[in-house]
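Commentary on secondary and tertiary structure
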Amino acid sequence: MIRASVIVFPGSNCDRDVKVATEAVGAKVNMVWHGESEVPASDFLILPGGFSYGDYLRCGAMAAHSPIMRDVIAKAKTGTPIIGICNGFQVLLETGLLPGALMRNASLLFVCRDVHVRCDSHETYFTGCYRGGEVLRIPIAHHDGNYFADQETLDRLEGENLVAFRYCDADGELTEADNPNGSQRNIAGITNPTGRILGLMPHPERLFEKPLGGTDGRRIFESALVAAIDAAA
Amino acid sequence: MKALIRITLKNGVLDPQGKAIENALGALGFAGVSDVRQGKLIELDLAAADETAARAEVERMCQSLLANTVIENYSFELVG
């Protein structure tokens, strides 16, 4: 049985949704409270969306220093795959496991709608079931999703094929009009060089089965399950 | 001993909130206002024995939590 752990912070609000989506593809899911000191044995870890610690100081800043994160960071550094969705992406950046920062949306508005993103790095633990260049329709819901990094970091991310998702139009073209938050180079999600850590602003768990209006997010979870089964074989 | 810690966005980092403040000041009739940048002021009391120890401690606080040095600069002063 493939096991995943969802880290639950005070203020997380997508933790149960992501549990349902992960269970739907056949994994067993532990919910792990932020005050715990150790994550149970898991094939992969999930940092869910929400507003951990009320977004105090900076989004994800307090969560990045919560007790459980010491073990999460230690496990990530020894190769345990980890996905951070929305607030979880903010937490990954605050821990330094991924580079850059997420700033207030350029429009200053909270944006909650479906957008298109293009999968530009499909050979990672969490994107293996997508095709390179495939366009997905996927919901976003955030106030601070404006990805920022210095030019050198952006060049390195692009040069090493570490940009996993970019905001685009329905045909996969990268346009300014389709960038919902001002992110540099239309970046919606990035991965680390081993492809085992993924952070993204869109919410794949909100569109993983037909009754929700679409299934484009489902393969994030299927990818992780397939990769975990491969690793266990 | 009290520390006053000032956190601002780095030069070159777009500050949409500063821009909105600038526009609002213009709308209120304040002419000639430009380059508005907004940041944070954090005030805290320290039990540190002397100024050298206090400076080192605040420096570590800024690096580890108070500022995100990817996008922010910090400076501080000790008073009292």
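Predicted model, so just to flag it, every value in this text is computed and none were measured. (Residues numbered from 1 in each chain as written. Chains lettered and ligands numbered in written order. Predicted model: local features only at pLDDT ≥ 70, side-chain atom pairs only at ≥ 80, totals over all residues.)

Tallying secondary structure elements over chain A gives six helices and eleven strands in all. C-alpha atoms of chain A, sized along the principal axes, occupy 45 × 40 × 35 Å. Evaluated residue by residue, chain A yields a buried proportion of 55% over its 233 residues. If you take every contact in chain A between residues at least 6 apart in sequence, the share linking residues at least 24 apart comes to 76%. (Helix = DSSP H or I, 4+ residues; strand = E, 2+ residues; numbered from the N terminus. Buried ≥ 20, exposed ≤ 12 C-beta atoms within 10 Å, placed from the backbone. Contact = placed C-beta atoms within 7 Å.)

Take the overall build of chain B next. Looking only at helices and strands, chain B features two helices and three strands. In sequence order, chain B lays out its α and β elements as β-α-β-α-β. With the C-alpha coordinates of chain B rotated into their principal frame, the extents come out at 50 × 30 × 15 Å. The 80 residues of chain B split such that 12% are buried.

For the rest of this paragraph, the subject is the confidence of the model for chain B. All names here are of chain B. Taken as a whole, chain B shows an average pLDDT of 95; of its residues, 100% reach a score of 70 or greater. By mean pLDDT, helix α1 (residues 16-27) is the weakest element of chain B at 93, and strand β2 (residues 40-45) is the strongest at 97. Model confidence for the complex is summarised by a pTM of 0.95, with the ipTM given as 0.87. (pLDDT = per-residue confidence, 0-100.)

Mapping R104 of chain A onto the fold places it in the loop between β5 (101-103) and β6 (111-119). Residues R104 of chain A and P10 of chain A, 94 residues apart in the sequence, show an inter-C-alpha distance of 21 Å.

In any sheet, the strands associate via hydrogen bonds between backbone groups, in a parallel or an antiparallel arrangement. Residue and element names in this part refer to chain B. Reading across the sheet, the three strands line up as β2-β1-β3 and stay open at both edges, with antiparallel pairing between neighbours. A strand with exactly one partner marks an edge of an open sheet, and here the two such strands are β2 and β3 (72-79). Neighbour-to-neighbour, the strand axes of the sheet open up by a mean angle of 20 degrees, direction not taken into account. As paired elements, strand β1 (residues 2-9) and β2 share six bridges and run antiparallel to each other. Looking at β2, one finds that K2 is bridged to D45. (Pairing = 2+ DSSP bridges. Axes fitted to C-alpha atoms, helices over the stretch in contact; angles between N-to-C directions.)

Before going further, it helps to examine the sheet that holds strand β4 (residues 82-85) of chain A. Residues and elements named next belong to chain A. Strand order in the open sheet formed by nine strands is β2-β1-β3-β4-β11-β10-β9-β6-β7, and the pairing between neighbours is mixed. Strand pairing shows two members of the sheet lacking a second neighbour, β2 (28-33) and β7 (135-142), which therefore form its edges. With strand direction ignored, the average angle separating the axes of adjacent strands in the sheet is 25 degrees. As paired elements, β6 and β7 share eight bridges and run antiparallel to each other. Paired with C112 across the strands is A141, a residue of β7.

For α1 of chain B, with twelve residues, the first-to-last C-alpha span of 16 Å sits near the 16 Å given by 1.5 Å per residue. Of the residues flanking the end of α1 of chain B, it is G29 of chain B, one or two places downstream, whose phi is positive at about 100 degrees. (Expected span 1.5 Å × (residues − 1).)

What follows deals with unusual backbone geometry. All names here are of chain A. Even without a glycine there, the phi angle at Y53 is positive, about 50 degrees. Counting through the fold element by element, Y53 comes out in the loop between β3 (44-47) and α2 (61-64). Taking the C-beta count within 10 Å as the criterion, Y53 has 21 such neighbours and is therefore assigned buried.

With that out of the way, let us pick up helix α4 (residues 87-95) of chain A. All names here are of chain A. The buried fraction of α4 is high, at nine of nine residues. Those residues of α4 that sit buried are N87, G88, F89, Q90, V91, L92, L93, E94 and T95. The inward-facing, buried residues of α4 abut β3, α2, α3 (67-77), β4, β5 and β11 (197-200). Positive backbone phi, at 85 degrees, marks G96, one or two positions downstream of α4.

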